[in-house]
Amino acid sequence: MSHHSFHDEISLAEKTEDLARKAMKLGLIPSFVVHHFPDSWVFYIPDQNTSPPLTPEEAYLKLKKLIESSASSV
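Residues numbered from 1 in each chain as written. Predicted model: local features only at pLDDT ≥ 70, side-chain atom pairs only at ≥ 80, totals over all residues. Heavy atoms only, no water.

Student: Any details on the overall build of the chain? Residues and values, ideally.
Tutor: Along the backbone of the chain there are two helices and three strands. Moving toward the C terminus, one meets the helices and strands of the chain in the order α-β-β-β-α. Compactness check: the chain gives a C-alpha radius of gyration of 12 Å against a globular reference of 11 Å for 74 residues, within 12% of the reference. In terms of its C-alpha atoms, the chain occupies a principal-axis envelope of roughly 40 × 35 × 15 Å. The 74 residues of the chain split such that 30% are buried. Considering only intrachain contacts with a sequence separation of at least 6, the fraction spanning at least 24 residues in the chain is 40%. Taken as a whole, the chain presents about 5,300 Å² of accessible surface, with 57% of it coming from carbon and sulfur. A gap of 10 Å separates the mean positions of the 7 positive and 10 negative side-chain charges of the chain. (Helix = DSSP H or I, 4+ residues; strand = E, 2+ residues; numbered from the N terminus. Rg over C-alpha atoms; globule rule 2.2 N^0.38 Å. Buried < 20%, exposed > 50% of the residue type's maximum accessible area, 1.4 Å probe, protein only. Contact = heavy atoms within 4.5 Å. Areas by Shrake-Rupley, 256 points an atom, 1.4 Å probe, with all protein chains shown as cover. Lys, Arg positive; Asp, Glu negative; His and termini not counted. Charge placed at Lys NZ, Arg CZ, Asp CG, Glu CD.)

Written out as structure tokens, the structure is:
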């Protein structure tokens, strides 16, 4: 059984920000933007041509996959 370090929407969004910072340090993404709204957070993670808005869940999964794939290719 996997253990996650988030338990609600806010902790998921915070964990996603941590993953985005890690991906930047690893050189996997050039930047990221988070728009904080009263009821939600919206993530923008640019790729080569686009930067669609992502929910914290979508951004978390995208970043986790990106970091895991870079670790497995080393």
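Past the structure itself, the notes keep going.
Student: Report on helix H1 (residues 9-25), specifying residues and quantitative values.
Tutor: Taking 1.5 Å per residue, 17 residues should reach 24 Å; H1 reaches 25 Å between its end C-alpha atoms and fits that length. Contacts made by the buried residues of H1 are with strand S1 (33-36), strand S2 (41-44) and helix H2 (56-72). Two or three places before Ile-10, at the start of H1, stands the capping residue Asp-8, its side-chain oxygen 3.3 Å from that residue's backbone nitrogen. Of the residues one or two after H1, Gly-27 is the one with positive phi, at around 80°. (Expected span 1.5 Å × (residues − 1). Polar contact = N/O pair within 3.5 Å; in protein donor to acceptor, adjacent residues only side chain to side chain.)

Student: If you had to explain the nonpolar core to someone new, which residues and values would you point to?
Tutor: In terms of nonpolar packing, the biggest core is built from 16 residues, with Ile-29, Phe-32, Phe-43, Ile-45 and Leu-63 touching the most fellow members. Within the residue set of this core, elements represented by two or more residues are H1, S2 and H2. The dominant element in this core, judged by the number of residues it contributes, is H1, at five residues. Discounting residues that sit within four places of it in the chain, Phe-43 has contacts with Ala-13, Thr-16, Glu-17, Val-33, Val-34, Pro-52, Pro-53, Leu-54, Thr-55, Pro-56 and Ala-59. (Core = buried A, V, L, I, M, F, W, Y, C linked by side-chain atoms within 4.5 Å.)

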